[in-house]
Amino acid sequence: MDYQKNYQSWLNDQRLLDEAREELTAIQNDEKEKEFRFGGELEFGTAGMRGIIGYGTNMMNVYTVMRATQGLSEFILTLGEDAKKRGVVISYDTRRKSEEFAKASAMVLAKNGIKAYLFDDVHPVPMLSYAVRYLKTIAGIMITASHNPKEYNGYKVYGEDGAQMSPEDTAKVVDYIQKINDYLSVEGDEKSDLIVSVPKQLDEDYIEELSKLCLSENAVKQCGKELKLVYTPVHGSGFAPVMKILKKLGINVTVVEEQTTKDTEFSTVKVPNPEYKETLSMGIALANKIDADVVFGTDPDSDRLGVALKNEKGEFVALSGNQVGILLLDYILTRLKEDNQMPTNAAVVKSFVTTGMAKAICDEFGVTLFETPVGFKFIGEKIKQWEADGKYTYVFGFEESCGYLRGTHARDKDAVVASMLCAEMVCYYTYIGKTVYQRLQEIYAKYGFVLDKTESVQYFGLNAMKEMNGVVDGLKRLKVETLGGLKVDAVRDYSLAKRVTATGEIESLDIPKCNCVYYELSGGSFVCVRPSGTEPKLKIYYSLRAKNEELASAKLEEMKVAVSELLEKAKN
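Residues numbered from 1 in each chain as written. Predicted model: local features only at pLDDT ≥ 70, side-chain atom pairs only at ≥ 80, totals over all residues. Heavy atoms only, no water.

Before going further, it helps to spend a moment on the environment of Gly407. Along the chain, the position of Gly407 falls in the loop between β15 (403–405) and α16 (415–431). The exposure class of Gly407 is buried, given its relative accessible area of 11%. A sequence separation of 80 residues divides Gly407 from Lys487, and the C-alpha atoms of the two residues are 39 Å apart. Those residues in contact with Gly407, other than ones at most four positions away along the chain, are Leu213 and Tyr394. (Helix = DSSP H or I, 4+ residues; strand = E, 2+ residues; numbered from the N terminus. Buried < 20%, exposed > 50% of the residue type's maximum accessible area, 1.4 Å probe, protein only. Contact = heavy atoms within 4.5 Å.)

Inspection of the secondary structure assignment puts Arg37 in helix α3 (residues 31–38). Separated by 18 residues in sequence, Arg37 and Tyr55 place their C-alpha atoms 7.3 Å apart. Setting aside anything within four residues of it in sequence, one finds Arg37 in contact with Glu23, Leu24, Ile27, Gly54, Tyr55, Gly56, Thr57, Asn58 and Met59. There is a polar contact of 2.7 Å between the side chain of Arg37 and the side chain of Glu23. (Polar contact = N/O pair within 3.5 Å; in protein donor to acceptor, adjacent residues only side chain to side chain.)

As a further point, take the sheet that holds strand β1 (residues 49–52). In space, the 6 strands of this open sheet follow the order β1-β5-β4-β2-β3-β6, with mixed pairing throughout. On the outer flanks of this sheet lie β1 and β6 (195–197), each paired with one strand and no other. For this sheet the average axis-to-axis angle between neighbouring strands, irrespective of direction, equals 20 degrees. The pairing of β1 with strand β5 (residues 152–158) spans 4 bridges and is antiparallel. Residue pairing in the sheet places Ile52 in a bridge with Tyr152 of β5. Strand contacts of helix α6 (residues 98–111): β2 (88–92), β3 (116–118), β4 (139–143), β5 and β6, with the helix running at about 165 degrees to β2, the strand carrying the most contacts. (Pairing = 2+ DSSP bridges. Axes fitted to C-alpha atoms, helices over the stretch in contact; angles between N-to-C directions.)

All right, on to α3 then. Buried residues of α3: Lys34, Arg37 and Phe38, and no others. Taken down its axis, α3 places every buried residue within 75 degrees of arc, on the same side. Structurally, α3 contributes buried residues whose contacts are with α1 (3–11) and α2 (18–25). (Arc of directions from axis to C-beta.)

To continue, consider the nonpolar core. In terms of nonpolar packing, the biggest core is built from 110 residues, with Leu229 and Leu483 touching the most fellow members. Ignoring anything within four residues of it in the chain, the contact list for Leu229 reads Leu246, Ile251, Asn252, Val253, Thr254, Val294, Phe296 and Ala423. (Core = buried A, V, L, I, M, F, W, Y, C linked by side-chain atoms within 4.5 Å.)

Structure below.
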């Protein structure tokens, strides 16, 4: 793309907002900045689009949002009058310009004769997913950049099943979007009576649905009021629903007051990602002050939950998404079995980069485990499939990136229900005389220690996505027999949906295709490399089995070196 031409076209357009003209004028002598903003277009992938907030074709702004919504609108118009009447529900989080983008999306839909339900205030991802099915809309829009830094925002589209839109329908929407060359031409109708508020009753019904999923009522009743739990919404949309569900169950909670404000700058944290212990630091400080048992934190759109627990020394340790996942999995299956509520066809779903320990736990309980590509929409697809054919009953799904879902009220990860489950899990183990940390050690003692670690390699510039995908393509051409001292038993190429063993046997994989290479290592370990679908990061997943944490940590350092060398070879 001719970035200079595109830049001048926007700057000289009389329709351009004054704010935008001022911002673009300020960069007129910065060629690098102009090229970044106008040398490409913000990619609309399978998870929607996400980017830095600012004006330009490669940025998140009201024009790129309205253009995307026009493309979605044109797709909906092909579905007929009923789809227009059913409409689209729109939610947003506490990020910069989230409310503005949500309102702009509603205006564009209305201009196209499509009903638009708009939440009156911030609501998290799981409630948007719930609202799609609750209101029986044809689609949903969530304005959020999840756990990304404050400079980012994003736009996610949901299908009528409440899961993120399928790759097939997304491709159709993208076709419509790409036909709109004049970004400033898209119009909205601000005063249309097609824009309506989401009914207040939805909030109450959502909380009621979650309360039905409680597994340990007696333990909660006995221990909930005395529990010392610290919660931080990290300035995000989880504050109201998380507090409501914990209060409804009678669980005592102390909130980090400084982090309850809807702060678009997330000024109390470096990054609003509860996966990091630093993000939970204010919660941990408060927990130490009041001698609390556990610390929870949710991200801005409240689809991810971070947890910190006291170890045997009384020090708080931040658990990984995999550790929280196996604790919840073990707890849910334990309670279902104890109460004779385990479905005979019970099934658990995880992404294929999530800890291998899930298989051992499911096998112990006689529960079938399914693997999907990364992206919770694939877990949502399994729920939809089983509701239709009845072959399995969904009991839990999780991803290593701190995403969990129990129940089928939503079709995306839900940090609100995960907060409830973790709180009642603490009550349950308190009730039977142990701590959650002790239970985690028991799990390791029973199934063996597994160190799960995810690292990212950041890419920059307009060609970042292309470059990192090229590295993954390069890996597919390399023959790898050992990695970090471990034998490679098989290699999965998910772009071809095939698995090739060390002896050359080829097996087809019954799984949606994606650009990813997965190395099965001896002893049950694995390493997986995949490009992020939402940001220019190459994700590397390590799952290493060992006798103890010390040996696993040593193996991890050795494996990192081997993978780094492998990635360098893949570039050539």
